[in-house]
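# Overview (structure and organization)
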Amino acid sequence: MRVRLWAVIAVLAAMVIGLAAAPARGAAGLTQVTGFGSNPGALRMFSYVPAGLPTGRPLVVALHGCTQNAAGYYAGSGWGKYADLYRAALVVPEQTSANNALSCFNWFTAGDIGRGQGEALSIRQMVAHAVATYGSDPARVYVTGLSAGGAMTAVMLAAYPDVFAGGAVIAGLPYNCGTICQYQAQSKTPAQWGDLVRAAYPGYNGPRPRVAIWHGTADSTVVPANATELRDQWTNVHGLSPAPTASTTLPGGTVQETYGSAVQLNRVPGLGHGTPVNPGGAEDQCGTTGAYFLASICSSYYIARFWGLVSGGGPTTPPTTTPPTTPPTTPPAQPCVTATNYAHTTAGRAHRSGGYTYANGSNQAMGLWNVLITTGLRRTGENYYVLCQS
């Protein structure tokens, strides 16, 4: 299952990553740290601390994708630039091939995604070490990552909401969805998605981290439905409606939807699987193009703005509102309506895009738009439909 999961990445990227990422291990400023804790996940810790960084500054944790390493992600993502510019310490965990043949963080392994165990605990220990050693502000700790690193970002936000003020999931997956999510949309309601997060730290009643979601609309490695499902998961956790409160278009056509002050969804048109970057010297430009670093928009800059690292970019602490301890109420279950994809669109339950059909609200993929494909849809909210569970 693990080999199948990332086989596409291994075949397409192994040679390129080997050339692009490995030499960057000696990138200026990135230093390996040992002795940061018991390290039950057997991960490596690397860090970058800008010269003269005072105490009380933010801390950013950046998680690489499969077949990548810490130095490659540090060099390609642009976070080194923003650590200097916005005066923040940077921690870059690294997976090993001994843990995973493709150097993926094990976001799908039960022993690595729970609070107080495995790789999740190793990353938590890195944060504690950085706060103690660099004097980072424990109320301004953030985490982001690509693909498997994006999925592990969701793990850290779910398992340690008391540690992270915010996160950003790039081409990743909802928390505790399993490997099936990579390939196809799932039939879960927002409350069911939210329950997975609430179960990661039972009884937690404190504030939840702010979450930014980034996904390319042409991603064929991690299906774009994951962006919608992540939105449903985290808006539910925050007690918000899955309908956006605002929408704007960023440079390059990226559509940014906001949900209160806690959740943000960014859809990058035509982008495949990778971290969106925009090399250049301007403040809103960053990164280096290469395998899984795709020229479009500097996602790291907009993530930093969302977290409030940029002056005037937004709050620097989690939302002050505390979500309810029980999930928001949902309307009574509606019957499953089975019809052709054409009939679903004419009835207002689904919509067509590029010859394919998607459920209204959830945007779950239904297949080709025609009178031959038959699909079951269930209404779970106002103009919100999900695929019927088999």
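As the structure is a computational prediction, the values presented were derived from the model and not from experiment.

What follows is about the confidence of the model for the protein. When pLDDT is low, close inspection of the predicted coordinates is not appropriate. The share of residues in the protein with pLDDT of 70 or more is 85%, and the mean pLDDT across the chain is 86. Considering only residues more than four positions removed or in separate chains, one finds that residues 1-27, a stretch of pLDDT under 50, has 56 contacts. Below a pLDDT of 50 lies the segment residues 312-331, which in the model reaches 43 contacts outside its immediate sequence neighbourhood of four places, other chains included.

Attention now moves to the sheet that holds strand S7 (residues 210-216). Strand order across the open sheet formed by 10 strands is S1-S2-S4-S3-S5-S6-S7-S10-S9-S8, with mixed pairing between neighbours. Two strands lie at the open edges of the sheet, namely strand S1 (31-33) and strand S8 (246-249), each paired on one side alone. Taken pair by pair, the neighbouring strands of this sheet meet at an average axis angle of 20 degrees, ignoring direction. Sheet strands in contact with helix H10 (residues 299-307) are strand S3 (59-63), strand S5 (141-146), strand S6 (166-170), S7 and strand S10 (263-268), and its direction is about 160 degrees off that of S7.

Moving on: the sheet that holds strand S18 (residues 384-387). Taken in spatial order, the three strands line up as S13-S17-S18 in an open sheet, and their pairing is antiparallel. Looking at the sheet topology across the chains shown, the edges are occupied by strand S13 (336-340) and S18. Geometrically, the sheet is characterised by an average inter-axis angle of 40 degrees between neighbouring strands, direction not taken into account. Looking at chain direction, S13 and strand S17 (residues 374-381) are connected through five bridges and run antiparallel. Within S17, the position partnered with Thr340 by the bridge is Thr374.

Okay, the nonpolar core next. Val61, Met156, Tyr160, Phe164, Tyr175 and Trp234 are the most contacted members of the largest nonpolar core, which totals 57 residues. Of all the elements, helix H7 (residues 148-159) adds the most residues to this core, at nine residues. The contacts of Val61, once residues within four sequence positions are left out, are Val91, Pro93, Ile123, Val127, Tyr142, Val143, Thr144 and Phe164. Tyr48, Tyr82, Cys286 and Val310 belong to the second-largest nonpolar core, a separate cluster that totals 41 residues.

Here we come to helix H6 (residues 118-134). One turn of an α-helix holds 3.6 residues; hence residues three or four places apart share an orientation. Across its 17 residues, H6 extends 24 Å between first and last C-alpha, which sits within 8% of the 24 Å expected from 1.5 Å per residue. Three or more residues of H6 are buried, namely Gly118, Glu119, Ala120, Leu121, Ser122, Ile123, Gln125, Met126, Val127, Ala130 and Tyr134. Count one or two residues on from H6 and you reach Gly135, which has phi positive near 70 degrees.

Taken N-terminus to C-terminus, the directions of helix H8 (residues 190-198) and helix H9 (residues 225-237) make an angle of 70 degrees; their axes are 7 Å apart at the nearest point. Considering the angle they form, H8 stands roughly perpendicular to H9. For the crossing formed where H8 meets H9, the hand is right-handed. Within the contact between the two elements, H8 uses Pro190, Ala191, Trp193, Gly194, Leu196, Val197 and Arg198 and H9 uses Glu229, Asp232, Gln233, Trp234, Asn236 and Val237. Grouping the constituent residues of the contact of H8 with H9 by class yields seven nonpolar, three polar and three charged.

All right, on to the packing of H6 against H7 then. Their axes nearest at 10 Å, the elements H6 and H7 cross at an angle of 75 degrees. Judged by the angle between their axes, H6 and H7 are roughly perpendicular. Within the contact between the two elements, H6 uses Glu119, Ala120, Ile123 and Arg124 and H7 uses Met152, Val155 and Met156. For the contact of H6 with H7, the per-class residue count stands at five nonpolar, no polar and two charged.

Before going further, it helps to examine unusual backbone geometry. A positive phi angle is found at Thr67, which is not glycine, with a value near 65 degrees. In this structure, Thr67 sits in the loop between S3 and helix H3 (70-77). Relative accessible area serves as the criterion here: at 18%, Thr67 is assigned to the buried category. You will see that Ala171, though not glycine, has its phi angle at about 50 degrees, which is positive. Mapped onto the elements of the fold, Ala171 is located in the loop between S6 and H8.

Conventions used here
Residues numbered from 1 in each chain as written. Predicted model: local features only at pLDDT ≥ 70, side-chain atom pairs only at ≥ 80, totals over all residues. Heavy atoms only, no water. pLDDT = per-residue confidence, 0-100. Contact = heavy atoms within 4.5 Å. Pairing = 2+ DSSP bridges. Helix = DSSP H or I, 4+ residues; strand = E, 2+ residues; numbered from the N terminus. Axes fitted to C-alpha atoms, helices over the stretch in contact; angles between N-to-C directions. Core = buried A, V, L, I, M, F, W, Y, C linked by side-chain atoms within 4.5 Å. Buried < 20%, exposed > 50% of the residue type's maximum accessible area, 1.4 Å probe, protein only. Expected span 1.5 Å × (residues − 1). Parallel < 35°, antiparallel > 145°, perpendicular 65-115°, else oblique. Left-handed = near helix turned anticlockwise from the far one by under 90°. Nonpolar A, V, L, I, M, F, W, Y, C, P; charged D, E, K, R; others polar.

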